[in-house]
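What the coordinates show
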Amino acid sequence: MPVAADASRQRIVLPEYLGAAAAHYRAVLGRLTGDRQFSPLAISNDAATAALPDGNHDLTPSVAQFMLPLQLAASSTLAADPRLRLQTPMTKGYLAIVLHAHLPYVHHPEHASFFEENWLFEAITECYLPLLGVLERLHYDRIAYRLTLSLSPTLITMLGDALLQNRYLHYLQDRVELAEREVARTRGLPQFQALAEFYLRQYQDALYRYRERYRCELLPAFQFHHATGNLELTTTAATHGFLPLLNVSPTAVRNQIGVGLRCFESRFGFRPRGFWLPECGYYPGLEDELAAAGIDHFFVDSHALMTAANTAGLGVYAPLDCGNGVAAFGRDPASSRQVWSAEQGYPGDPDYREYYRDIGFDLPLEYVAPYILDRETRVNTGIKYYRITGQNQPKQAYQPAQAQAKARQHAADFVRRRREQIAALDGELSQAPIIVAPYDAELFGHWWYEGPLWLEQVLRLAAESDSGLTTAACSDYLQQPLRHGIGRPAASSWGEHGYSSYWLNESNDWIYPLLHRAAAEMEKLANDLNGLKITPAQERALNQAARSLLLAQASDWPFIMKAGTTVDYARKRIADHLARFNYLHDAIRKNRIDERYLTALEIMDDIFPDIDFRDYAG
């Protein structure tokens, strides 16, 4: 339906004849060609509009966000929706690649800079920008694919935070400066100078794309690819709380799920159908909380389905209906092993870049001091000159072209093995199988530098008409008229031993009595005050207490304690959030709220602006 756009007010006014009912619309910006054909340039999200007094509907920028900057869209066309390929007779089976992008909430406006913020900056540079590059090239070449990307609420918040965006620009500028110095330093060392120039181009490109192309906003770019039908966006729990160990309080689990979904919906304008369980942590009955939140599928590790009853003989190659219409998809062990395994996986190939050799550790301290922590503590800079090479061998110089060729070979091997896997299953199963391959998104580019190229090649090869393999989202598979087993998965997680032990052990077990007590106090506080008239300051304090509780529940902190990395920081984060919760709880109970301190807490823990403490009431 053609409509006029009011450029001066950045709005689209729909005709009066549509009536006054609220509705959902999607806007496409484009131009008329010489033969009066409409050529689309950019597409918006589904925008929910409310009825206005004059009968019109305004789609303002707050509800209709375009997913491709117009300067990028001059040659862009919208490819056919890849979901239409699912029912082709050539399809023998489906491949669902699921990337989970998550980082803990690290936001320290009280400091001029903070080392742990580098976790975000490294991930943007090495993972999220390269992933967007992959999606853009596939879109430009009109490759029909399906890929699922889970974006955690904490990551969504940090990617949209103005302070962190500004600090990331400074981070990139520092990296450009360091790479320029490296180009000068490596004169007379041809192999290393070529690599220094390689990194300089990489950082200059990242700075240009982030600042000029995306205007520091990556989320609209991901949303564009969701709108094309190629990428399916989904999310996870609010602060990635490990739900099986929070289940002492069903209300705590319910709010981890509900706050997370509302955070996603407020940013993207729709509620996802799928849900990534943090650490793939499942306990029987969790599907009921997911169903109540409108979720129809989630992901578990292989053994959750392999040890479950009533899988109808389909194993991990079809979802298990939990009995309430919510489906559990299990991780495929073979595709997981090829990518994750340190011994058998692709990332350990000798030609790939060595993660653990970085000039932040290799070069003299006085040289790298301006680019490391407090000018004294050595950290990674991102400039790495060596390849893995092999065990017990002197490290050799990294050769990007050789590594890229190897990534293409490994992509072809992965697709070939999936085809062989599907062919072998053809005689065993009565329906087309789905191979679910879930990975941490940060593996691709950060830990495995060549991972984004590998992923791109896998999607290209799978899209070939004779591949016999169709990439799909799990939501697509649920739309097919296929048989599913009915039953509950087994209690499980991914990680060491597969039964929560990485998040509950002698290094971190002390946190759970404290978390459970805080959750109980939050519920009692909400119940005691529910329905009573409270002051604005009390409401702010109650909401901030809920934020502090959620942040303390993050699974990242017990994980770090077990891994033995930044243990002091993880301990401090839990202690700080619980201390803030306890202060707010006592201040509310005694009606002695210090509004200056409350404001400081709201600035430091600036997340979940729409949170409502009443959700903790019974």
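In this report, the structure presented in the accompanying data block is examined. The structure presented is a predicted model; accordingly, all values stated were derived computationally and were not measured.

Conventions used here
- Residues numbered from 1 in each chain as written.
- Predicted model: local features only at pLDDT ≥ 70, side-chain atom pairs only at ≥ 80, totals over all residues.
- Heavy atoms only, no water.
- Helix = DSSP H or I, 4+ residues; strand = E, 2+ residues; numbered from the N terminus.
- Buried < 20%, exposed > 50% of the residue type's maximum accessible area, 1.4 Å probe, protein only.
- Contact = heavy atoms within 4.5 Å.
- Areas by Shrake-Rupley, 256 points an atom, 1.4 Å probe, with all protein chains shown as cover.
- Axes fitted to C-alpha atoms, helices over the stretch in contact; angles between N-to-C directions.
- Parallel < 35°, antiparallel > 145°, perpendicular 65-115°, else oblique.
- Left-handed = near helix turned anticlockwise from the far one by under 90°.
- Nonpolar A, V, L, I, M, F, W, Y, C, P; charged D, E, K, R; others polar.
- Core = buried A, V, L, I, M, F, W, Y, C linked by side-chain atoms within 4.5 Å.
- Salt bridge = Lys/Arg side-chain N within 4 Å of Asp/Glu carboxyl O.
- Phe/Tyr/Trp six-rings, centres within 6.5 Å; stacked < 30°, edge-to-face > 60°.

Overview of the overall build of the protein chain
Secondary structure assignment for the protein chain yields 19 helices and 17 strands. Every one of the 618 residues in the protein chain was classed for burial, and the buried ones make up 58%. Across the protein chain, contacts joining residues at least 24 apart in sequence account for 76% of those joining residues at least 6 apart. When the accessible surface of the protein chain is split by element, carbon and sulfur atoms take 52% of a total near 25900 Å².

Some thoughts on the packing of helix H9 (residues 333-340) against helix H12 (residues 400-426)
Contact pair H9 / H12: the axes reach a minimum separation of 11 Å and the direction vectors enclose 165°. Between H9 and H12, the angle falls in the class roughly antiparallel. Here H9 and H12 pass one another in a crossing that is right-handed. Seen from H9, the contacting residues are Ala334, Ser335, Gln338 and Val339; seen from H12, they are Asp413, Phe414, Arg417, Arg418 and Gln421. Taken together, the residues of the contact of H9 with H12 sort by class into three nonpolar, three polar and three charged.

Looking at the nonpolar core
One broad rule of soluble globular proteins: the nonpolar side chains tend to lie buried together. Membership of the largest hydrophobic core comes to 183 residues, with the highest contact counts inside it found for Ile97, Leu99, Tyr128, Leu147, Leu218, Phe222 and Trp454. In terms of residue count, the dominant contributor to this core is helix H1 (residues 118-140) (twelve residues). Not counting residues up to four positions away in its chain, the partners in contact with leucine 147 are Ile97, Leu99, Leu131, Leu135, Asn230, Leu231, Glu232, Leu455 and Leu459.

Things to note about the pattern of salt bridges
A side chain of one charge can pair with a side chain of the opposite charge when the charged atoms of the two come close. Counted by the stated rule, this structure contains 36 salt bridges. The shortest N-O distance in the salt bridge between arginine 460 and aspartate 141 comes to 2.8 Å. A residue pair is termed long-range when its members are at least 10 positions apart, and arginine 460 in helix H13 (residues 451-462) and aspartate 141 in the loop between H1 and strand S9 (147-151) qualify at 319 residues. Its relative accessible area of 39% is what places aspartate 141 among the partly exposed residues. Across the pair glutamate 212 and arginine 215 runs a salt bridge, and its minimum N-O distance is 3.6 Å. For arginine 215, a relative accessible area of 54% gives the class exposed.

Observations concerning the packing of H1 against H13
Between H1 and H13, whose axes approach to 9 Å, the crossing angle comes to 25°. By the angle between their directions, the pair H1 and H13 is classed as roughly parallel. For H1 against H13, the interelement crossing comes out right-handed. Mapping the contact onto sequence places Glu126, Pro130, Leu131, Val134, Arg137 and Leu138 in H1 and Pro452, Leu455, Glu456, Leu459 and Arg460 in H13. Split by residue class, the contact of H1 with H13 holds seven nonpolar, no polar and four charged.

Some words on the packing of aromatic side chains
For the structure on display, the rule yields 36 aromatic pairs. Between tyrosine 94 and tyrosine 477, the ring centres sit 5.5 Å apart and the planes meet at 80°, which makes this aromatic pair edge-to-face. On the criterion of sequence distance, the pair formed by tyrosine 94 in strand S8 (residues 93-101) and tyrosine 477 in helix H14 (residues 474-478) is long-range, its members being 383 residues apart. For the pair tyrosine 94 and tyrosine 477, one class covers both residues: buried. For the pair tryptophan 119 and tyrosine 569, a centre-to-centre distance of 6.0 Å together with 85° between the ring planes defines the contact as edge-to-face. Taken as a pair, tryptophan 119 in helix H1 and tyrosine 569 in helix H18 (residues 567-590) lie far apart in primary sequence, 450 residues in all. Exposure remark for tryptophan 119: the relative accessible area of 21% places this residue in the partly exposed category. Members of the aromatic cluster, joined through ring pairs, are Trp276, Phe299, Trp340, Tyr346, Tyr352, Phe414, Tyr439, Phe444, Trp448, Trp454 and Trp494.

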